[in-house]
Amino acid sequence: MFRWLLVIFLALMLISWLSPLLRRLGFGRLPGDFRFRWLGRDWDVPLASTLLLSFVVSLLTKLL
């Protein structure tokens, strides 16, 4: 259980750091992706983009 939480946390952090590049490609604007401002900072919660990217990665690993 802890391992899955760690993987999800790291995936969210990676997508958050890559969000400017991914936003140009259309990720982060999918239905289910949340963006809000709190305490003077923009926060991104890319739930739908994370699911889409994890599906693509799992599909690639099954093909390889």
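Our subject is the structure that appears above.
Residues numbered from 1 in each chain as written. Predicted model: local features only at pLDDT ≥ 70, side-chain atom pairs only at ≥ 80, totals over all residues. Heavy atoms only, no water.

Peer 1: Where do I start with the overall build of the protein in this structure?
Peer 2: Along the protein, the regular secondary structure elements total three helices and two strands. What you see in the protein, going N to C, is helices and strands ordered as α-α-β-β-α. Principal axes of the C-alpha set define a box for the protein whose edges measure 45 × 30 × 20 Å. For the protein, the accessible surface area stands at approximately 5700 Å², while carbon and sulfur atoms represent 75% of it. (Helix = DSSP H or I, 4+ residues; strand = E, 2+ residues; numbered from the N terminus. Areas by Shrake-Rupley, 256 points an atom, 1.4 Å probe, with all protein chains shown as cover.)

Peer 1: Quick question: what am I supposed to make of the pairing of strand β2 (residues 41-46) here?
Peer 2: Strand residues, when the strand is regular, have side chains that alternate between the two faces of the sheet. As paired strands, strand β1 (residues 33-38) and β2 are joined by six bridges and run antiparallel to one another. Looking at the pairing, Arg-35 lines up with Asp-44 of β2. Where β1 folds back on β2, the antiparallel hairpin that results is connected by two residues, among which Leu-39 adopts a positive phi of roughly 60 degrees. (Pairing = 2+ DSSP bridges.)

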